[in-house]
Amino acid sequence: MSSSSLATVKPSLVHHKLYFSPHFSSYLINPPSISFTSSPKNLSIFCQNPNFITLSSMSSDHSPSSSSSIDFLTLCHRLKTTKRKGWINHGIKGPESIADHMYRMALMSLIAGDIQGVNRERCIKIAIVHDIAEAIVGDITPSDGIPKEEKSRREEAALNEMCEVLGGGMRADEIKELWNEYETNSSLEANLVKDFDKVEMILQALEYETEHGMVLDEFFLSTAGKFQTDIGKSWAAEIISRRKTRLG
C-alpha cells in the first residue's frame, strides 16, 4: 500500500491486537492475535508498510447521523419559505426568502476578486450560515423595535438549538464558529461578508424598484457610508450609479 494511503477503521471491524513498537508512534499488528473491543469511535491509520501503522487520528468526535442531518435540513427548510420582512413591510408581493438572500451572498463570495489574507471558501461558508438562526426566530428587523443585544441573544439561542438538532460535533461547532465570527465582525472574511449582506440588499431593492415601479430610499440611506471593504464600496457604487440612471 502506498505511504499516502489513508484508511478509517470502525471499532466493529478491528480484529487484531496492537502491540507498541519502539519505532516512534508506530504499532505492530499481529494478525493471529485475539480481537479487542475497546477503541475510539473512529480510528484513522496511516499505512507505512504492511506491518506497521501510525495513528493519525483518535478523535472521539463524529459526523452527524443520517437522522440528525435530515432533521437539521428539515428545520432549515424554513429559510426557504420565510420571506424577508423588510420587503413585506414595503408591500412587495412574493418577496425573496432568507435562503434567497444568503444564496446570492454566497455567489458574491465566490465571484469576488482575490483579496490578500481573505479565505474565499470561508466567506462562502459564513454567507451560508450568517442568517441560519432565522429558521427559528424569523427575520428580525429594526422596525420590530428589538434591541440589538436581545436580537443577538435570541439568535444565538436558536443557533445552539439547531446545532443540538444536528447532534453536536465538529460540523455543529464549525457552524457556531462561523456564525459568531460574522456576528462579532472579527475577521477580514466577516468584514467582506458583512458588506455583501448590504450589497445584496440594495441590489435587491434596485430590482424591486425596477420591477414594481417604486422608490425604496430607506434601504440605500441605511447602508450609505457603512461599507468596510474596497469590493463592497465598489459594488455598492455600481448599484447606486445604475439606480441614478434609472431614476433620471
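Quick caveat: nothing in here was measured; it's all calculated off a predicted structure. (Residues numbered from 1 in each chain as written. Predicted model: local features only at pLDDT ≥ 70, side-chain atom pairs only at ≥ 80, totals over all residues. Heavy atoms only, no water.)

The subject of this paragraph is the pattern of salt bridges. Within the structure shown, the criterion is met by 15 salt bridges. Two residues, Arg154 and Glu150, come together in a salt bridge whose shortest N-O distance is 2.9 Å. With a gap of 4 residues between them, Arg154 and Glu150 both fall in helix H6 (residues 148-165), about one helical turn apart. Several salt bridges converge on common partners, so that one network encompasses Glu209, Asp217, Arg243 and Arg246. (Salt bridge = Lys/Arg side-chain N within 4 Å of Asp/Glu carboxyl O. Helix = DSSP H or I, 4+ residues; strand = E, 2+ residues; numbered from the N terminus.)

So, about the nonpolar core. Of all hydrophobic cores here, the largest spans 46 residues; its most connected members are Trp87 and Ile132. Elements with a contribution of two residues or more to this core: helix H1 (66-81), helix H3 (98-111), helix H4 (120-129), H6, helix H7 (169-183), helix H8 (188-212), helix H9 (217-223) and helix H10 (230-247). The element contributing the most residues to this core is H8, with 9 residues. Excluding anything up to four places from it in sequence, Trp87 contacts Ile92, Pro95, Glu96, Met201, Gln204, Ala205, Tyr208, Leu216 and Phe219. (Core = buried A, V, L, I, M, F, W, Y, C linked by side-chain atoms within 4.5 Å. Buried < 20%, exposed > 50% of the residue type's maximum accessible area, 1.4 Å probe, protein only. Contact = heavy atoms within 4.5 Å.)

Now for the packing of H8 against H10. At a minimum axis separation of 9 Å, H8 and H10 run at an interaxial angle of 10°. In terms of orientation, H8 lies roughly parallel with respect to H10. Two secondary-structure elements touch here, H8 through Leu192, Asp195, Phe196, Val199, Ile202, Leu203, Leu206, Glu209 and Thr210 and H10 through Ile231, Gly232, Trp235, Ala236, Ile239, Arg242, Arg243 and Arg246. The class makeup of the residues in the contact of H8 with H10 is 10 nonpolar, 2 polar and 5 charged. (Axes fitted to C-alpha atoms, helices over the stretch in contact; angles between N-to-C directions. Parallel < 35°, antiparallel > 145°, perpendicular 65-115°, else oblique. Nonpolar A, V, L, I, M, F, W, Y, C, P; charged D, E, K, R; others polar.)

Moving on: the confidence of the model for the protein chain. Caution is warranted with low-pLDDT regions, since their predicted coordinates should not be read in detail. Residues at a pLDDT of 70 or more form 75% of the protein chain, whose mean pLDDT is 82. In the model, residues 1-60 has pLDDT below 50 throughout and makes 95 contacts with residues more than four positions away in sequence or in other chains. (pLDDT = per-residue confidence, 0-100.)

Right, let's talk about H4 for a bit. Of all the positions in H4, only Cys123, Ile124, Ile126, Ala127 and Val129 are classed as buried. If you follow the buried residues of H4, they end up packed against H3, H7 and H8. In this structure Asn119 caps H4, since a side-chain oxygen of it lies 3.0 Å from the backbone nitrogen of Glu121. (Polar contact = N/O pair within 3.5 Å; in protein donor to acceptor, adjacent residues only side chain to side chain.)

The next subject is a nonpolar patch on the surface. A surface patch of nonpolar side chains, about 430 Å² in accessible area, is lined by Tyr103, Leu107, Leu110 and Ile111. The exposed category is assigned to Tyr103, whose relative accessible area is 54%. (Patch = residues over 30% accessible without salt bridge, like charges linked within 9 Å, V, L, I, M, F, W, Y side chains within 5 Å. Areas by Shrake-Rupley, 256 points an atom, 1.4 Å probe, with all protein chains shown as cover.)

Running from N to C, H4 and H7 point in directions that differ by 90°, and their axes come no closer than 9 Å. Taken together, the axes of H4 and H7 are roughly perpendicular relative to one another. For the pair formed by H4 and H7, the contact residues are Arg122, Lys125, Ile126 and Val129 on the first element and Glu174, Ile175, Glu177, Leu178, Trp179, Glu181 and Tyr182 on the second. Residues belonging to the contact of H4 with H7 are distributed by class as follows: 6 nonpolar, no polar and 5 charged.

With that settled, the discussion passes to the packing of aromatic side chains. This structure, assessed with the given rule, holds 3 aromatic pairs. Three or more aromatic residues link up through ring pairs in this structure, and these residues are Trp87, Tyr208 and Phe219. Lying across the ring of Tyr182, Lys194 places its NZ or CZ 4.3 Å from the centre. When the ring centre of Phe220 is taken as reference, the NZ or CZ atom of Arg243 above it lies at 4.0 Å. (Phe/Tyr/Trp six-rings, centres within 6.5 Å; stacked < 30°, edge-to-face > 60°. Lys NZ or Arg CZ within 6 Å of the ring centre and 35° of its normal.)

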